[in-house]
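# Structural overview
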Amino acid sequence: MNTNNIPVITIDGPSASGKGTIAQLVAHQLGFHYLDSGALYRLVALKTMQLKADMQNSGQLAEIARNLNVIFKDEQIYLDDKIVTDDIRTEQCGIAASQLAAYPQVRAALTERQRAFRQLPGLVTDGRDMGSVIFPDADLKIYLTASAEVRAQRRHKQLIEKGMSANITDLLQDIQKRDERDSNRSIAPLQQEADAKLLETTSLTITQAQDAVLSWYNDIFAKTRV
Ligand code: CDP
């Protein structure tokens, strides 16, 4: 089946910007599927740590990415049939994910797996390169960001709500390091593409950000129907 006509909304942006929250809400409102591409990189990181594999061995990391036995079901993530929904959210996993995401072989090993989420009636996805590399023909591309300080607060709240310990100063440092690594890598760097709309959410509520995405999407939808 040619899936190229199936609508896709991509939301890319830096760490802890809230893109996952907004993407999920928009997907829910439109009745679309949702892909958290960062979760795939975090899953590769978790599996790598479980296997105590070498974080410098790109061939082995790509092999792990290719063979990842993962199921997304009912808001839970299963790795080798075990629920790992919260295990992948630790800062340790996020940092390792960002390190291995810099290897082209790892990214290539995850490409088709991500594209397979493009199914009717549509897809909302978030990450770093969803609009630039994975779904370059997306109907709506958004670059969602916020100041590093506000992102550290958002991540802090998210971790505390999950019952994990967190410290704002450390989180801010992690976020700044991760921004630098994700933006400066040579493959699929984090950046606002020319055809992506900027959504700066430092002083926006979740509902305001969600409404902005939906209103852009509705504009596009209205135009394609006239
Ligand atoms: O939650 P947070 O925004 O901090 O990160 P994430 O979206 O869960 O992604 C974890 C790491 O995976 C990021 O720091 C990126 O380096 C990498 N990633 C990527 O390279 N490409 C994507 N499409 C998604 C995530």
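Remember, it's a predicted structure, so these values are computed and weren't measured experimentally. (Residues numbered from 1 in each chain as written. Predicted model: local features only at pLDDT ≥ 70, side-chain atom pairs only at ≥ 80, totals over all residues. Heavy atoms only, no water.)

This brings us to the sheet that holds strand β2 (residues 33-36). Within the open sheet, the five strands sit side by side as β2-β6-β1-β7-β8. Their pairing is parallel. Single-partner strands in this sheet number two, and they are β2 and β8 (197-200). Looking at each pair of strands side by side, their axes are set apart by 20° on average, direction ignored. Bridge analysis of strand β7 (residues 140-145) against β8 gives four bridges, and the strand direction is parallel. Bridged to T145 within β8 is E200. Sitting on the sheet, helix α1 (residues 19-30) is in contact with β1 (8-12), β2, β6 (123-127) and β7, with an inclination near 180° to β6. (Pairing = 2+ DSSP bridges. Helix = DSSP H or I, 4+ residues; strand = E, 2+ residues; numbered from the N terminus. Axes fitted to C-alpha atoms, helices over the stretch in contact; angles between N-to-C directions. Contact = heavy atoms within 4.5 Å.)

This part covers the site of the ligand. Near the ligand you find 19 residues, and of these S15, R42, R107, R155 and D182 are the closest. Between the ligand and S37 there is a distance of 3.0 Å, counted from a nitrogen atom to a side-chain nitrogen or oxygen. Between an oxygen atom of the ligand and a side-chain N or O atom of R128, the distance comes to 3.1 Å. Its free accessible area being 530 Å², the ligand has 97% of it covered by the protein chains. Going through the elements one at a time, α2 (37-51), α4 (91-100) and α8 (168-184) are the ones with two or more residues in the shell around the ligand. For the shell around the ligand, the leading source of residues is α2, giving four residues. (Near = heavy atom within 4 Å. Polar contact = N/O pair within 3.5 Å; in protein donor to acceptor, adjacent residues only side chain to side chain. Areas by Shrake-Rupley, 256 points an atom, 1.4 Å probe, with all protein chains shown as cover.)

Evaluated as defined, the whole model comprises 14 salt bridges. Two residues, D182 and R128, come together in a salt bridge whose shortest N-O distance is 3.2 Å. Separated by 54 residues along the polypeptide, D182 in helix α8 and R128 in the loop between β6 and α6 (130-134) bring together distant segments of the chain. R128 matches D182 in its accessibility class, with the two residues each being buried. Residues joined by salt bridges that share partners form a network here, namely E91, R155 and R178. (Salt bridge = Lys/Arg side-chain N within 4 Å of Asp/Glu carboxyl O. Buried < 20%, exposed > 50% of the residue type's maximum accessible area, 1.4 Å probe, protein only.)

The next point concerns the packing of α2 against α4. Packed helices, taken two at a time, are described by the angle between their axes plus the distance between the axes. In the contact formed by α2 and α4, the axes pass within 8 Å of each other and the chain directions differ by 105°. Put simply, α2 runs roughly perpendicular to α4. The residues of α4 that touch α2, namely those facing Y41, R42, V44, A45, L46, T48 and M49, are Q92, C93, G94, A96, A97 and L100. Along the lines of polarity and charge, the residues of the contact of α2 with α4 split into nine nonpolar, three polar and one charged. (Parallel < 35°, antiparallel > 145°, perpendicular 65-115°, else oblique. Nonpolar A, V, L, I, M, F, W, Y, C, P; charged D, E, K, R; others polar.)

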